[in-house]
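Each chain is listed here by its residues.
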Amino acid sequence: MNKSELIQALAEKSNIDPTLARDVVETTIAMMKQQLMEGGRIEIRGFGVFEMREYGAYKGRNPSTGESVDVKAKRTPFFKCGKELRDLLNEGKYLHSNGNIARLNLTPGRGYDTCR
């Protein structure tokens, strides 16, 4: 799902104008970016945590030439999946579009039918 698909899905699911849905998505993303830029973390219960990780400078190697290269220190965003989402993904379950949790039937030759 990309950003425009998220906006469309939000508009349809919430029965709101697509322009309002776009504003909601873009404002949410902007707020998340700002929080991360300030060194904060974003915790969404049942989903996961976004936070910044800092990596020190180190000596790397150019794989083509074997030449030693100085790699600068950097900060990068990191996502840690929440337990509820991880369990949902690892138990062969998925969230159906109607909001119910369904289990995948992975029986060979029967396709990916849902049950329960």
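This is a predicted model, so every value here is computed, not measured.

### Details of the overall build of the chain
Point 1. A tally of helices and strands in the chain yields three helices and eight strands.
Point 2. Secondary structure of the chain in N-to-C order comes out as α-α-β-β-β-β-β-α-β-β-β.
Point 3. Across the 116 residues that make up the chain, the buried fraction comes to 14%.
Point 4. In the chain, once contacts between residues fewer than 6 apart in sequence are set aside, the share between residues at least 24 apart is 23%.
Point 5. Split by element, the accessible area of the chain, about 9300 Å² in all, is 54% carbon and sulfur.

### Topic: the environment of Gly60
Point 1. Topologically, Gly60 is positioned in strand S3 (residues 58–61).
Point 2. What makes Gly60 buried here is its relative accessible area of 17%.
Point 3. A C-alpha to C-alpha distance of 6.1 Å links Gly60 and Val71, two positions eleven residues apart in sequence.
Point 4. Sequence-distant contacts of Gly60, defined by excluding residues within four places in its chain, comprise Glu67, Ser68, Val69 and Val71.

### Examining the sheet that holds strand S1 (residues 42–44)
Point 1. Pairing is antiparallel in the open sheet, where three strands are placed in the order S1-S2-S5. Edge positions in the sheet fall to S1 and strand S5 (74–81), since each has one partner strand and no second. Shown here is a sheet whose adjacent strand axes are inclined to one another by a mean of 25°, direction ignored.
Point 2. Strand direction decides the pairing type here: strand S2 (residues 48–55) and S5, joined by eight bridges, are antiparallel. Within S5, the position partnered with Glu54 by the bridge is Arg75.

### Points about the confidence of the model for the chain
Point 1. Here the chain averages 85 in pLDDT, and 78% of its residues register 70 or above.
Point 2. Contacts of residues 106–116 to residues separated by more than four positions or lying in other chains number 16 contacts, the stretch itself having pLDDT below 50.

### Description of the packing of aromatic side chains
Each aromatic ring pair is characterised by the separation of its centres together with the angle its planes make.
Point 1. Tallied over the full model, the rule gives two aromatic pairs.
Point 2. Geometrically, the ring pair formed by Phe47 and Phe79 is tilted, given 5.4 Å between the ring centres and 55° between the ring planes. With a gap of 32 residues between them, Phe47 in the loop between S1 and S2 and Phe79 in strand S5 connect regions that are remote in the sequence.
Point 3. Residues Phe50 and Phe79 carry aromatic rings whose centres are separated by 4.8 Å and whose planes lie at 50° to one another, so their mutual orientation is tilted. Pair noted here: Phe50 is in strand S2 and Phe79 is in strand S5, with a separation of 29 residues, a long-range link.
Point 4. Exposure remark for Phe50: the relative accessible area of 23% places this residue in the partly exposed category.
Point 5. Judged by relative accessible area, which is 33%, Phe79 ranks as partly exposed.
Point 6. Ring-pair connections join several aromatic residues into one group, and the members of that group are Phe47, Phe50 and Phe79.
Point 7. Above the ring of Phe78, the side-chain terminus of Arg53 is found at 3.6 Å from the ring centroid.

Reading the values: the criteria
Residues numbered from 1 in each chain as written. Predicted model: local features only at pLDDT ≥ 70, side-chain atom pairs only at ≥ 80, totals over all residues. Heavy atoms only, no water. Helix = DSSP H or I, 4+ residues; strand = E, 2+ residues; numbered from the N terminus. Buried < 20%, exposed > 50% of the residue type's maximum accessible area, 1.4 Å probe, protein only. Contact = heavy atoms within 4.5 Å. Areas by Shrake-Rupley, 256 points an atom, 1.4 Å probe, with all protein chains shown as cover. Pairing = 2+ DSSP bridges. Axes fitted to C-alpha atoms, helices over the stretch in contact; angles between N-to-C directions. pLDDT = per-residue confidence, 0-100. Phe/Tyr/Trp six-rings, centres within 6.5 Å; stacked < 30°, edge-to-face > 60°. Lys NZ or Arg CZ within 6 Å of the ring centre and 35° of its normal.

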